[in-house]
Amino acid sequence: MSASNVLVVAEHLDGVLAEVTFELLGLGRALASAAGGKLEVALLGSGMDQAASHLGGADRVLSVDHASLRGFHPEACVAALVQVLTEHPARTVLTSTTSMGMDLAAALAVRLQRPLIAYAQDARLEGDLLVATSQLYGGKLLVESAVEGDCVLSVLAGANPAAAGRVDGSPEVVAVAAPAALASCRLQWLEQIKPPAGDVDITQETVLVCVGRGIESEDNLPMAQELATALGGAVCSSRPIVDNKWLPKTRQVGKSGLRVAPKVYLALGVSGAPEHIEGMKDAGLIVAVNTDATAPIFEHAHYGTTEDLFDVVPALLERLR
Amino acid sequence: MNIAVPIKLVPDLVEELELNDDGSDLDHDALTYKINEFCDHALEEALQLKEAHGGSVTVLALDRDEADKALFTALAKGADRAIKVTGIDENTGTLTAAHAFRAALAGVEFDVLLTGVQAPDDREGQLGVLLASLLEIPHVSAVSEVSFDGGTVTLHKEFAGGVLARYQVAPKVVLGIQSARQAPRYAPVSRVRQLMKEASLDEIEVESPTNTSPEVRRVFRPTAGRGAEMLAGTTEDVAARIAELVLAHRGAR
Ligand SMILES: Cc1cc2nc3c(=O)[nH]c(=O)nc-3n(C[C@H](O)[C@H](O)[C@H](O)COP(=O)(O)OP(=O)(O)OC[C@H]3O[C@@H](n4cnc5c(N)ncnc54)[C@H](O)[C@@H]3O)c2cc1C
Ligand SMILES: Nc1ncnc2c1ncn2[C@@H]1O[C@H](COP(=O)(O)O)[C@@H](O)[C@H]1O
């Protein structure tokens, strides 16, 4: 029944499984059950035995252990996954839209000659068809795609509940021999670099005032800072603000920044791209200020206003004085 | 080293995204297109590398209305050669586009191919990774801080939480650029106009590959989300309500 199996590609940094792995396992379980197949998880690394004990959400762990898989290595991972799938065929391969998943999904699709659906927020089986909904245009539109047979599905990080796939205890672990290609990779992984600690740890704050591109200029940051101080919190931002070097990387929320879950998240001039949402969707209260009524942030916020942030913030400061 | 940069025109998200009559696609005619912001970063990084190490920068785009202007703009910024890839549907899927670029690149000398890390309209994965896989050369996505040292390329890849990894690779390689070392430069409009009059674009015609994109069932706007409750009233009313909500949820301090 291999044809109905689902393979989840586990993600980890230094052996610590990423949250998204559990999100994929939850979705993978639903797909495997619907197809009457097994849910397997590929665990690629070096000395990864510990991690398997958190993968109880799967029926089997297919593990490849090799020195070249010590850090995240796109070329080695793709070669290892092709080997895993040759020995243990699966109809649906689940990767994620993270930095790691981006290097795997399209490469696997080409190597295995199967279609890829990316940015999927959900997926289900309709008879023989796999039907998936992708979030495109920064979350402004959804596209429903259907494929028959084998495929690779790249799932949006943060779109599915991790709790559904988080089961402690190790399932059966099957070792898959590393393919010879791993010894002759052209790409060389040199080292991992941890970010320097910031002045403020935004993951620990109760209140976050997040500024997006709508803040327009570095000169307007003090206004946001004043508001954060008045509310007893800190300022964080979307990626473009950090790319402009207006704030340090340690203040960035989202896919390539930090995941935060404060009690209150006030988003000022943030559009709500999936890469941002992924980092803040679990905040207790989300209030969005955005002049564009169709901004995707309003899909995720609890309260919203289309007032100009340059009107709302001064009025708020006035209130809090 | 010689650098190739494919650039993509994408709908401007500031505009309303209109759908076609049967809801199977965007109404492409009703949209304004602009260069994908990450392509601007890829081009900037390519120009910076050329300025530091020599070599050349070639930009490529699929033929569509706005492609000429985007290509001339790249020339005005300092690219050496601009190629319009013809013979293929401008709104094609990413895998089909990857096949077209593979064919077009047979006539282009390059060591390093820089793409933008992603585009907002891409349902089939990143072109850079697809293309690298078709060309059977290595690829790395989410890249910043590229440098050349003799014959090798060193780069950083970004992970969640600001973690980076450093890699080294000998060409050829495809890198998906997340952000250039500095904000993308502007091309003076006068220079673009002048080039449009004086310079010409190269054209490479490719045989249109068969479309292998997964079937699109429908395109629709998200409405299923829980949706925010929109605050009513004057600016002062809105501010008062936000203050009240925030203080209530923040809890005692
Ligand atoms: C691999 C990858 C990783 C990424 N990682 C991250 C990440 O970690 N974090 C992140 O945030 N992004 C990330 N991004 C970028 C992401 O795709 C978006 O580009 C980004 O989140 C957009 O930031 P923004 O909302 O501030 O800007 P925009 O999308 O430009 O939105 C600005 C908003 O401000 C509103 N606005 C303008 N003026 C006003 C005003 N006066 N008052 C009120 N509203 C106003 C506009 O209506 C608009 O909606 C990543 C992208 C990629 C490809
Ligand atoms: N149709 C295309 N034409 C030119 N470049 C493209 C095209 N599609 C993707 N790219 C390149 O790949 C990057 C990421 O886009 P995408 O692969 O669509 O996510 C873009 O920034 C371009 O550099």
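This text follows the structure it describes.
First things first, this report covers the structure right here in the doc. In every chain, residue numbers begin from 1 and rise along the written sequence. As they are written, the chains are lettered A onward and the ligands numbered 1 onward, keeping that order. Per-residue local features are limited, in this predicted model, to residues with pLDDT of at least 70; the limit for side-chain atom pairs, both in listing and counting, is 80 or more; totals at the level of whole chains, interfaces and linings are taken over all residues. Think of the side-chain values as coming from all heavy atoms in the structure, minus any hydrogens and water.

Some words on the sheet that holds strand S12 (residues 215–220) of chain B
Piece 1. Only strands that DSSP links by at least two bridges are regarded as paired with each other. Here a strand is any run of E in DSSP of at least two residues, a helix any run of H or I of at least four, and the numbering for each starts at the N terminus. The mixed open sheet is built from 10 strands, whose spatial order is S11(A)-S5(A)-S4(A)-S1(A)-S6(A)-S10(A)-S7(A)-S8(A)-S9(A)-S12(B). Both edges of this open sheet fall to strand S11 (172–175) of chain A together with S12 of chain B, since each of them pairs with a single strand only. Between one strand axis and the next, the sheet turns through 30° on average, direction left out of account.
Piece 2. Relative to strand S10 (residues 151–155) of chain A, strand S6 (residues 92–96) of chain A runs parallel, the two sharing five bridges. Its bridge partner being in S10 of chain A, Leu94 of chain A is matched across the sheet by Leu153 of chain A. Under this scheme, a helix contributes an axis fitted over its contacting stretch, all axes are lines through C-alpha atoms, and angles between N-to-C directions fall in the 0 to 180 degree range.

Describing the site of ligand 1
Piece 1. One heavy atom suffices: a residue is near a molecule or strand as soon as one of its heavy atoms comes within 4 Å of it. For ligand 1, the set of nearby residues contains 31 residues, the closest of which are Ser238, Gln252, Ser256, Ser271 and Asn290 of chain A.
Piece 2. More than one chain reaches ligand 1: the nearby residues come from chains A and B.
Piece 3. In the analysis that follows, any N or O atom pair within 3.5 Å is treated as a polar contact, provided that within protein one partner can donate a hydrogen and the other can accept it, and provided that, for residues neighboring in sequence, both atoms belong to side chains. Between an oxygen atom of ligand 1 and a main-chain N or O atom of Arg239 of chain A, the distance comes to 3.0 Å.
Piece 4. One of the side-chain nitrogen or oxygen atoms of Gln252 of chain A is found 2.7 Å away from an oxygen atom of ligand 1.
Piece 5. Of all the secondary structure elements, the ones that give two or more residues to the shell around ligand 1 are helix H6 (239–243), helix H7 (274–280) and helix H9 (309–320) of chain A together with helix H1 (37–53) of chain B.

Some words on the sheet that holds strand S1 (residues 2–6) of chain B
Piece 1. Read across the sheet, 10 strands follow the order S12(A)-S9(B)-S8(B)-S7(B)-S10(B)-S6(B)-S1(B)-S4(B)-S5(B)-S11(B) without closing on themselves; strand pairing throughout is mixed. The open sheet has two edge strands with one neighbour each: strand S12 (188–193) of chain A together with strand S11 (202–205) of chain B. Within the sheet, the average angular offset between the axes of one strand and its neighbour, ignoring direction, is 30°.
Piece 2. Here six bridges tie strand S8 (residues 152–158) of chain B to strand S9 (residues 164–169) of chain B, and the two strands are oriented antiparallel to one another. Across the sheet, the residue bridging to Leu155 of chain B is Tyr167 of chain B, located in S9 of chain B.
Piece 3. Packing of helix H4 (residues 99–112) of chain A onto the sheet brings it into contact with strand S7 (139–149) and S8 of chain B, and relative to S7 of chain B it is tilted by some 105°. The contact definition used throughout considers only heavy atoms, calling two residues in contact when any of these lie within 4.5 Å.

Brief notes about the packing of helix H3 (residues 74–87) of chain A against H4 of chain A
Residue and element names in this part refer to chain A.
Piece 1. Between H3 and H4, the least distance of the axes is 10 Å, while the angle of their chain directions is 50°. In terms of orientation, H3 lies oblique with respect to H4. Like other packed secondary-structure pairs, H3 and H4 cross with a definite hand, here right-handed. For the pair formed by H3 and H4, the contact residues are Pro74, Cys77, Val78, Leu81, Val82 and Leu85 on the first element and Asp103, Leu104, Ala107, Leu108, Arg111 and Leu112 on the second.
Piece 2. Amino acids are sorted into nonpolar (Ala, Val, Leu, Ile, Met, Phe, Trp, Tyr, Cys and Pro), charged (Asp, Glu, Lys and Arg) and polar (every other residue, Gly among them). Partitioning the contact of H3 with H4 into residue classes produces 10 nonpolar, no polar and two charged. For classification purposes, an angle smaller than 35 degrees is called roughly parallel, one larger than 145 roughly antiparallel, one from 65 to 115 roughly perpendicular, and anything else oblique. In this scheme, a crossing is called left-handed if the near helix is turned counterclockwise away from the far one by less than a right angle; it is called right-handed if the turn is clockwise.

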